[in-house]
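Residue-level structural notes
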Amino acid sequence: MSAVITKARTFSSILRSLQKDPPIESNPYEEEIQILKICGEDSGVSSWCPGHRSIFICEKTVVKLDGDEADKSSCSENEDNISLGNLGPQPVSIMKARQLLSWYTMSQNQKLSEDDGPLDPLWVRCDMSDLAGTSWLGAETVHLANKVTGVKLYSVTCKGPSVERRSSITLDDLKQEHKKRHHPFSGLQVAIKGNALYNLFGSTVVENTTIESQSSVTVDFKWSHVESILETPPLSSKATLNIKITSGEMRSPMFQKYRELEFLQLLAAGLRTGETEWMEPLETTSAVELIKTYLEELENTGKTLPDQTAKSETVKNEAAKTELGASIFEAFMERENLDFLEQIWVRMRKSVTSYQDVHDCLKLVMDSLSYGDLKPWIHRDGNSSLGKVFLQSYQQPMDHVSLTGLTPITMLLEVGLDKMRKDYINYLIGNELTTLNHLSYYLSIEVELQEQVIRLRKLHHLLEIMVTCSTFLGLPFDRLFRLTQSCLQYFRTSPYNEDHEFQLPITPALISHLYQKEHPVVWGVEVSSGHSPREVKTTLQLSEKPLVGHIVFDTDYTNTTVNRDSEEPAYFSTVVCCSLVTFA
């Protein structure tokens, strides 16, 4: 017994020394085991053991090969068809995992060890070699202030996917399993809560072919009084949308606007680096010919007043809608009051393929104005240097403007920034989703051009989110308004990040038509009793993907997703049991 206590104290001292240090990649323990201290949210077990800043993970040591050995091993594969040079986290045996957990538990018992305060939770990857299929064993201390009063022991068991409509375990089975482990609390009330995750928007399956998407909108449901496994969340559930939208997807109504933003970013990159990788033109006619034709039309018609110009361009816009088949996009974003410079931008961004194109097009424009052939209508609230020169020419002869160096690129970029800002304002203000005051950060011209481009990109991402939620989910105004405010606040205070996931509370009735006939991606039920910190839970989760990453399941179904065209999806099942050990 003394030898076991000694080993427990030695193991505890290693964990305690790691607990004082910042997270590290790994710390060797014994010959084939390593201990990692990692952030609780990144651990893979956070849903079973939430609320901890850091935890310990024990796993089998992965031998890192040097260059020559890695090259040799990459040519060979083990019998599981996994490259030896590319192994992920590896589990330890069930027996070893139980030994580590017993040492952890003994070390926390003040009757057997010194009172040094509670340790961070310990989780051990297991190889599922037992009959139950245990994939994780875990332990966390129960303590009042800094005094440890017990330990919660966890076991996570997994089964490969099944197409059974009902899980092999029933709700009554789960209740009995919970009561069996927690008979001392039989007098306490048992609570049963359900949770489910549905995909509302993202990758889709069409005729057995998956159309991948980096965008996703899922909805999390939580409810009480579960009556059966895989029941549909009731309308009384608490629901939260998780929204992550990636710009530039072709099915988005904002795709054409994204292409316009791409061209603007291309100009900004050219100013920053001195090199520009031009996009493929959308027009077959050269940029110079397009601008020359447009200028001749204006000179011949003489329609330079605002109402006349707008009327003329409305006809052209309508023709463009038909030609491009982009009526949905135009309905969202197209303005009818494009001024002279914005019309120049529209033509140039679809046709220029070189610096010389930009120079020659702007020279044509400057020459027409300097000769007095045109007095075009221009928005007076524009901020581009080119616009200011033109407005000044209304009152006096136009000053000579040099088109040397990077000046033409800068001028065109400024025009594009002005034009696109107005497009976005038109949508957001027109739909009463915000005010100009709330957009001041995004519209500021007090910062340098590169920063203006970054802020415009943030504004575009905001609109991608709004248009997706409006078009594909049909969210009502009050939800779109709240989401807009959340996005504006985030983008104003954070670096640009398309991977950020926005959350939006929602009433299930508003989206019932999107999920009630669909299969959940994850469905779970939780049986609990007791009160914090002595609350204990038994949970079942059914999921399209395995919730354990270090196990390769022997199955004909893919581990990445389930064919959503099938009537009955295949679910992996994960059962998490918790027991409370109290120190007398």
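Here we take up the packing of aromatic side chains. To describe a pair of aromatic rings, one takes the distance between the centres and the angle between the planes. Tallied over the full model, the rule gives 18 aromatic pairs. Between Phe-340 and Phe-390, the ring centres sit 6.1 Å apart and the planes meet at 55 degrees, which makes this aromatic pair tilted. Of this pair, Phe-340 sits in helix α9 (residues 340-349) while Phe-390 sits in helix α11 (residues 385-393), and the two are 50 residues apart along the sequence. Residue Phe-340 shares its accessibility class with Phe-390, and that shared class is buried. Every member of this aromatic cluster is reached through a ring pair, and the members are Phe-11, Tyr-29 and Trp-103. The lysine or arginine in question, Arg-347, covers the ring of Tyr-294, its NZ or CZ lying 4.1 Å from the ring centre.

A word on the pattern of salt bridges. Between side chains of opposite charge, pairing is possible as soon as their charged atoms come close. Under the counting rule described, the total for this entry stands at 18 salt bridges. The partner of Lys-419 in a salt bridge is Asp-423, with the nearest N and O atoms 2.8 Å apart. Within this pair, Lys-419 and its partner Asp-423 are both found in helix α12 (residues 407-430), separated by four residues, close to a single helical turn. Residue Lys-419 is classed as buried on the basis of its relative accessible area of 3%. For Asp-423, a relative accessible area of 1% corresponds to the buried category. One salt-bridge network, in which partners are shared between bridges, spans Lys-257, Glu-260, Arg-335, Glu-342, Lys-419 and Asp-423.

Another aspect to go through is the pairing of strand β13 (residues 522-529). Counting buried residues along β13, eight of its eight residues qualify, which places the element largely inside the surrounding structure. Residues Val-522, Gly-524, Glu-526 and Ser-528 point to one face of β13 and Trp-523, Val-525, Val-527 and Ser-529 to the other, with burial holding for every one of them. One ladder, built from seven bridges, connects strand β7 (residues 191-201) with β13; its direction is antiparallel. Each residue of the ladder has a partner; that of Gly-194, found in β13, is Val-525. As paired elements, β13 and strand β14 (residues 536-543) share eight bridges and run antiparallel to each other. Looking across to β14, one finds that Trp-523 is bridged to Leu-542.

Chain-level statistics for the chain give a pLDDT mean of 83 and a share of 81% at 70 or above. Scored below 50 in pLDDT, residues 72-85 makes 12 contacts in the model with residues more than four places away or belonging to other chains.

Moving on, we come to the environment of Ser-102. Along the chain, Ser-102 falls in helix α3 (residues 94-108). Under the relative-accessibility criterion, Ser-102 is labelled partly exposed at 31%. Sequence separation of Ser-102 and Val-4 is 98 residues, and the distance between their C-alpha atoms is 9.6 Å.

Between α9 and helix α10 (residues 355-370), the shortest axis-to-axis distance is 12 Å and the interhelical angle comes to 150 degrees. Here α9 is positioned roughly antiparallel relative to α10, judged by the angle of their axes. In this structure, α9 meets α10 at a crossing whose hand is right-handed. Residues Phe-340, Ile-344 and Met-348 of α9 touch α10, and the partners they reach there are Val-358, Cys-361, Leu-362 and Val-365. Along the lines of polarity and charge, the residues of the contact of α9 with α10 split into seven nonpolar, no polar and no charged.

Of all 10 residues that make up α9, 10 are buried, and the element is covered over most of its length. Every buried residue of α9 is listed here: Phe-340, Leu-341, Glu-342, Gln-343, Ile-344, Trp-345, Val-346, Arg-347, Met-348 and Arg-349. Of the residues flanking the start of α9, the one acting as N-cap is Asp-339, its side-chain oxygen 3.2 Å from the backbone nitrogen of Leu-341.

Phi is positive for Met-128, which is not a glycine, with a value near 60 degrees. Looking at the element boundaries, Met-128 is found in the loop between β4 (122-125) and β5 (134-144). Of note, His-225 is a non-glycine position whose phi angle comes to about 60 degrees, a positive value. Mapped onto the elements, His-225 comes out in the loop between β10 (216-224) and β11 (238-244). Taking relative accessible area as the criterion, His-225 reaches 69% and is therefore assigned exposed.

Two elements in contact, α10 and α12, have axes whose closest approach is 9 Å; the angle formed by their N-to-C orientations is 75 degrees. What the angle tells us is that α10 and α12 run roughly perpendicular. Contacts from Tyr-355, Val-358, His-359 and Leu-362 of α10 reach α12 at Pro-408, Ile-409, Met-411 and Leu-412. Here the contact of α10 with α12 is built from residues that sort into seven nonpolar, one polar and no charged.

Let us look at the nonpolar core. By size, the foremost hydrophobic cluster in this structure holds 104 residues, and its most contacted members are Leu-241, Ile-243, Phe-340, Phe-390 and Ile-511. When residues in this core are grouped by element, the largest group, 11 residues, is from α12. Leave out the neighbours within four places in its chain, and Ile-243 touches Ser-216, Val-217, Ile-465, Cys-469, Leu-483, His-500, Glu-501, Phe-502 and Leu-504. Core analysis: the next-biggest nonpolar cluster, separate from the first, contains 27 residues, Tyr-29, Phe-56, Ala-97 and Ala-139 among them.

Procedures and definitions
- Residues numbered from 1 in each chain as written.
- Predicted model: local features only at pLDDT ≥ 70, side-chain atom pairs only at ≥ 80, totals over all residues.
- Heavy atoms only, no water.
- Phe/Tyr/Trp six-rings, centres within 6.5 Å; stacked < 30°, edge-to-face > 60°.
- Helix = DSSP H or I, 4+ residues; strand = E, 2+ residues; numbered from the N terminus.
- Buried < 20%, exposed > 50% of the residue type's maximum accessible area, 1.4 Å probe, protein only.
- Lys NZ or Arg CZ within 6 Å of the ring centre and 35° of its normal.
- Salt bridge = Lys/Arg side-chain N within 4 Å of Asp/Glu carboxyl O.
- Pairing = 2+ DSSP bridges.
- pLDDT = per-residue confidence, 0-100.
- Contact = heavy atoms within 4.5 Å.
- Axes fitted to C-alpha atoms, helices over the stretch in contact; angles between N-to-C directions.
- Parallel < 35°, antiparallel > 145°, perpendicular 65-115°, else oblique.
- Left-handed = near helix turned anticlockwise from the far one by under 90°.
- Nonpolar A, V, L, I, M, F, W, Y, C, P; charged D, E, K, R; others polar.
- Polar contact = N/O pair within 3.5 Å; in protein donor to acceptor, adjacent residues only side chain to side chain.
- Core = buried A, V, L, I, M, F, W, Y, C linked by side-chain atoms within 4.5 Å.

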